[in-house]
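Structural overview for review
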Amino acid sequence: MEKKSLSDISCKGRRVLMRVDFNVPLDDNGNITNDKRIVEALPSIRTITESGGRLILMSHLGRPKGKVVPELSLAPVAKRLAELLDTQVVMADDCIGTEAMQQALTLQDGDIMLLENLRFHPEEEKNDPEFARELASMGEIYVNDAFGTAHRAHASTEGICHFVQPSVAGRLIEKELKYLGQALDAPERPFVAILGGAKISGKIDVLENLFNKVDTVLIGGAMIFTFFRAQGYAVGKSLVEDDKVELAAHLLQTAREKNITMLLPEDVVAASEFSADARTSTVGVDSIPDDMMGLDIGPQTVDRYSQEILNAKTVVWNGPMGVFEIEAFAHGTIAVAQALADATAKGTISIVGGGDSAAAVMKAGLESGMTHISTGGGASLEFLEGKVLPGIAALND
Ligand code: ADP
Ligand code: MG
C-alpha cells in the first residue's frame, strides 16, 4: 500500500511532530560514539524546517524501562544535532506536559525542538491511548521517520496516528518502502535472495515468504549445517539446530516443488574451534572432519554464488555467510558483498537487511556500493517475512 509522505503535505507555519530514531550509542561518560542515526534523519529534518515547519522531534534512547534515567537523557543528542545543523535546538525536559507544550507553542517557522526520551514513560511501549493522545497534542502533523521501531506498536509509532492527522512517512521510511516494498511486490528478475546468519529458526518466516517471490535462494551462515544434516551429511562440530532438521528437509522439498533454485555450499572453511587462532582447512561438504566446525563458505561456493549474483536483476541479502567478526572466517561474507557491489554497478538492485549483514557490508567498506541498506534490523526482517509493520500501517494511505 502506498503511504503518504512529506512530499504530499505542506508544513509551513505548522507544528510538525516527527518520530525519529536517535537511539545512538553512548560511552560510559555519556558521549555519543556514533552519530550516524542523527545524520540519517537530517534529510527529513531539513525538508520540514526549510519549508517553514515548526519541528518537534521525539525519540527513545536506550532502555530506561519507564523511569527517568538521567544518563539516558536526549540532551547530548540535541547538542549534536544543533552542531550538525549549525542552529539552535530547544531541549524539553519531558515529552508531554504543560511545560513542553508551552515551549512547542513558542516555536517559530523553521525552529527545532527535541522532546525528552519517550521511554521515560512506561505508557510509550504499552501503546497507552491517553499517552498517545497527549503526545499527539504537541503537533498538528505527524511524521514517522523511525523505521527501526516501525515493527513495534508503541504510542509514538502507532497509537499517535489515531489522534493527529495527517500522519505521513519521512524520507527514511519512504526510502525503505520504496526499495523493500518494490523488491517484494514487483521485483525485476532474476530475483535472488541470499540468506545466512546464525540460526535457521530466526529465518524460517523469511524463507517461507521469499519462496513465493524469488527465483533463486543462496544459503550461507550456520543454518547450512541444519540443511546438510537433513541431507544426511556429517557436519562435525558445526552448529546444528536438531529440532529444525525436519523443517530444513521440508524447506528443501518446498523449493523443489516451487521450482526455486536453492543452492547450498559446495565447500566450507572449517576450524578446530570457534576462535581466531584455530586450525582451519577448506573442505568439501561431504568431508567435514568430526573434530571440526564449519565457520564460513569456501572459495568454490563463493564463485558459484557470485555468478548467480552477477546474473540477478534484484538481490535481497539477509544474514552473513560466515563468522565475519573473525578475520579467518570473514572471506565468504566479504566476497559476496563484493559480488553484490559489482552487480549493483552494472544495474542490479541490491538490498541489504539485518543488523549484522549491514555491519558486514560496512566492514567490507562497500556501503556506497549497495542500492539500499535497511536501517532497521528487526523491522526489515519482519518486512521480509511479509508482516505488516504497525508503525507503517497506521500512516495515511
Ligand atoms: P542479521 O543480523 O544480518 O539478520 P544474524 O543475526 O541472523 O544476521 O546472524 C549473524 C551472526 O551469524 C553473526 O554474528 C555470525 O558470526 C553468525 N554466523 C554466521 N555463520 C556462522 C557459522 N557458520 N557458525 C556460527 N555462527 C555463524
Ligand atoms: Mg543479528
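Now for a description of the structure that goes with this document.

Things to note about the packing of helix α10 (residues 299-311) against helix α11 (residues 331-345)
Between α10 and α11, the least distance of the axes is 9 Å, while the angle of their chain directions is 25°. Of the possible angle classes, the one that applies to α10 and α11 is roughly parallel. For the crossing formed where α10 meets α11, the hand is right-handed. Residue-level inspection shows Val302, Ser306, Ile309 and Leu310 of α10 in contact with α11, the latter providing Gly332, Ala335, Val336, Ala339, Leu340, Asp342 and Ala343. Along the lines of polarity and charge, the residues of the contact of α10 with α11 split into eight nonpolar, two polar and one charged.

So, the sheet that holds strand β12 (residues 293-297)
With antiparallel pairing, the three strands of this open sheet are ordered in space as β11-β10-β12. Either end of the sheet is taken by a strand with one partner, and the two such strands are β11 (280-284) and β12. With strand direction ignored, the average angle separating the axes of adjacent strands in the sheet is 40°. Strand direction decides the pairing type here: strand β10 (residues 267-271) and β11, joined by five bridges, are antiparallel. If you follow Val269 over to β11, its bridge partner there is Thr282.

Thoughts on α11
Relative to the 21 Å expected for 15 residues at 1.5 Å per residue, α11 spans 21 Å between its end C-alpha atoms, a close match to the ideal helical length. Among all positions of α11, only Gly332, Thr333, Ala335, Val336, Ala337, Ala339, Leu340, Ala341, Ala343 and Thr344 are buried. In this structure, the buried residues of α11 make contact with β7 (191-195), β12, α10, β13 (314-318), β14 (349-352) and α12 (355-363). After α11 finishes, the residue Gly347 shows a positive phi value of roughly 110°.

Remarks on the sheet that holds strand β3 (residues 90-91)
The strand order β3-β4-β2-β1-β5-β6 describes an open sheet built from six strands, whose pairing is parallel. Either end of the sheet is taken by a strand with one partner, and the two such strands are β3 and β6 (167-169). Where β3 lies against strand β4 (residues 112-114), two bridges are found, and the strand directions are parallel. Counted as the bridge partner of Val90 is Met113 from β4. Packed onto the sheet, helix α2 (residues 75-85) meets β2 (54-58), β3 and β4 and runs at close to 155° relative to β4.

So, the pairing of β7
With five of its five residues buried, β7 lies for the most part within the structure. Residues Phe191, Ala193 and Leu195 point to one face of β7 and Val192 and Ile194 to the other, with burial holding for every one of them. One ladder, built from five bridges, connects β7 with β13; its direction is parallel. Bridge pairing in β13 places Leu195 opposite Asn318. For β7 and strand β8 (residues 216-219), the ladder comprises four bridges, and the chain directions are parallel. Of the residues in β8, the one forming a bridge with Val192 is Thr216. What joins β7 to β8 is helix α7 (residues 204-210), and the crossover it makes is right-handed.

A short note on the site of ligand 1
Within the structure, ligand 1 sits among 18 residues, and Ala198, Lys203, Glu325, Asp356 and Ser357 are positioned closest to it. A distance of 2.5 Å is found between an oxygen atom of ligand 1 and a side-chain nitrogen or oxygen belonging to Glu325. In the model, an oxygen atom of ligand 1 is placed 2.4 Å from a nitrogen or oxygen of the Ser357 side chain. Listing elements by their share of the shell around ligand 1, those giving two or more residues are β12 and α12. Ranked by residues supplied to the shell around ligand 1, first place goes to α12 with three residues.

Overview of a positive patch on the surface
A contiguous patch of positive charge, built from Arg63, Lys65, Lys67 and Arg152, is present on the exposed surface. Among the structural elements, Arg63 can be located in the loop between β2 and α2. With relative accessibility at 71%, the residue Arg63 sits in the exposed group.

Let's talk about the layout of surface pockets
Which parts of space are left empty comes out when a probe the size of a water molecule is rolled across the atoms. A volume near 930 Å³ is recorded for the largest pocket. Counting only elements with at least two residues in the lining of the largest pocket, the list comes to α1 (36-50), α6 (171-185), α12, β15 (372-373) and α13 (377-384). Looking at side-chain class alone, the lining of the largest pocket contains eleven nonpolar, 16 polar and twelve charged residues. Taken together, domain 1 (6-172) and domain 2 (179-384) each give at least three residues to the lining of the largest pocket, which thus spans both.

Some remarks on the packing of α6 against α13
At a closest axis distance of 10 Å, the pairing of α6 and α13 adopts a crossing angle of 25°. Comparing the axis directions of α6 and α13 gives the class roughly parallel. For the element pair α6 and α13, the recorded crossing hand is right-handed. In this structure, α6 contributes Leu177, Leu180, Gly181 and Leu184 to the contact, and α13 contributes Ser380, Phe383 and Leu384.

Calculation criteria
Residues numbered from 1 in each chain as written. Chains lettered and ligands numbered in written order. Predicted model: local features only at pLDDT ≥ 70, side-chain atom pairs only at ≥ 80, totals over all residues. Heavy atoms only, no water. Axes fitted to C-alpha atoms, helices over the stretch in contact; angles between N-to-C directions. Helix = DSSP H or I, 4+ residues; strand = E, 2+ residues; numbered from the N terminus. Parallel < 35°, antiparallel > 145°, perpendicular 65-115°, else oblique. Left-handed = near helix turned anticlockwise from the far one by under 90°. Contact = heavy atoms within 4.5 Å. Nonpolar A, V, L, I, M, F, W, Y, C, P; charged D, E, K, R; others polar. Pairing = 2+ DSSP bridges. Expected span 1.5 Å × (residues − 1). Buried < 20%, exposed > 50% of the residue type's maximum accessible area, 1.4 Å probe, protein only. Right-handed = clockwise from strand over helix to strand, strands pointing away. Near = heavy atom within 4 Å. Polar contact = N/O pair within 3.5 Å; in protein donor to acceptor, adjacent residues only side chain to side chain. Patch = residues over 30% accessible without salt bridge, like charges linked within 9 Å, V, L, I, M, F, W, Y side chains within 5 Å. Areas by Shrake-Rupley, 256 points an atom, 1.4 Å probe, with all protein chains shown as cover. Salt bridge = Lys/Arg side-chain N within 4 Å of Asp/Glu carboxyl O. Lys, Arg positive; Asp, Glu negative; His and termini not counted. Charge placed at Lys NZ, Arg CZ, Asp CG, Glu CD. 1 Å grid on protein atoms, 1.4 Å probe; cavity = no way out; pocket = protein on both sides within 12 Å on 5 of 7 lines; lining within 4 Å. Points joined across faces, edges and corners; volume = space filled by probe spheres on them. Domains from an automatic or database assignment.

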